[in-house]
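In case you want the letters, here they are:
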Amino acid sequence: MPEKPKTLADFTKPHMVLNCMQCGRKGRYNVARLIERHGPDMPIRDFINLIGQSCCRWVNPTERQECGLGCSDLIYMFMPAPATDAFARKQDEEFQRRS
Ligand SMILES: [Zn+2]
């Protein structure tokens, strides 16, 4: 049975912070407002994808220029979703570079 995607209603914090380490984008979104606008059943992954439409690396990724857009909260709140895998990997690399 495929896992049900996490939706905006599943998000347990009042704000969702999205970061892109590649292009430096950063956004903070009020989750209650998002639910008002998109409905509680919108998968979080779809929302991240929606925001990603404004990043050229997200829309047109190449092997070396992948958009790193993701939400670090999701990694800890849920198991890594496909949309956050790349982001988690980037954070690991960042961590190892520093230590
Ligand atoms: Zn980006």
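Within each chain, residue numbers correspond to sequence positions counted from 1 in written order. Residues qualify for local features only when their pLDDT is at least 70, as the model is predicted, and side-chain atom pairs are given and counted only at 80 or more; totals for whole chains, interfaces and linings, by contrast, use all residues.

**Points about the overall build of the protein chain**
The condition that has to hold: Each helix corresponds to a stretch of at least 4 residues labelled H or I by DSSP, and each strand to a stretch of at least 2 residues labelled E; elements are numbered beginning at the N terminus. With C-beta atoms placed from the backbone, a residue is labelled by how many other C-beta atoms lie within 10 Å of its own: buried for 20 or more, exposed for 12 or fewer, partly exposed between the two. A pair of residues counts as a contact when their C-beta atoms, built from backbone coordinates, are separated by no more than 7 Å.
Tallying secondary structure elements over the protein chain gives five helices and two strands in all. Element order for the protein chain, N to C, with α for helix and β for strand: β-β-α-α-α-α-α. Within the protein chain, buried positions represent 20% of all 99 residues. Taking contacts inside the protein chain between residues at least 6 apart in sequence as the whole, the part at least 24 apart equals 54%.

**Here's the deal with helix 2 (residues 44–52)**
Heads up, the condition is: Each direction from the helix axis to a C-beta atom contributes to the arc, which is the arc of those directions.
Those residues of helix 2 that sit buried are Ile44, Phe47, Ile48 and Gly52. Here the buried residues of helix 2 occupy an arc of 145° about the axis, which is enough to place them on one side.

**Considerations on the nonpolar core**
Filter applied, for reference: The term nonpolar core means buried Ala, Val, Leu, Ile, Met, Phe, Trp, Tyr and Cys residues held together as one set by C-beta atoms within 7 Å.
In terms of nonpolar packing, the biggest core is built from 14 residues, with Leu8, Leu18, Ile44, Phe47, Ile48, Leu69 and Cys71 touching the most fellow members. Secondary-structure elements contributing two or more residues to this core are strand 1 (15–19) and helix 2. Broken down by element, the residue count for this core peaks at three residues, all from helix 2.

**Thoughts on the pairing of strand 1**
Which entries qualify depends on this criterion: Two strands form a pair only when DSSP identifies at least two bridges running between them.
Only one face of strand 1 is buried: it carries Met16 and Leu18, and the other face, with His15, Val17 and Asn19, is open. Where strand 1 meets strand 2 (residues 26–30), five bridges bridge the pair, whose relative direction is antiparallel. Bridging from a neighbouring strand, Leu18 pairs with Gly27 of strand 2. Counting the residues in the hairpin turn of strand 1 and strand 2 gives six residues, including Gly24, whose phi is positive at 75°.

**Concerning the environment of Met42**
Tracing the sequence through the fold places Met42 in the loop between helix 1 (31–38) and helix 2. The partly exposed category is assigned to Met42, around which 17 C-beta atoms lie within 10 Å. Contact partners of Met42, with chain neighbours within four places excluded, come to Thr7, Leu8 and Phe47.

**Some remarks on the confidence of the model for the protein chain**
Where we set the bar: The pLDDT value tells you how sure the predictor is about a given residue, anywhere from 0 up to 100.
With 77% of its residues at a pLDDT of at least 70, the protein chain reaches an overall mean of 80. Looking over the protein chain, one finds the lowest element-wise mean pLDDT in helix 5 (residues 82–98), namely 66, and the highest in helix 1, namely 97.

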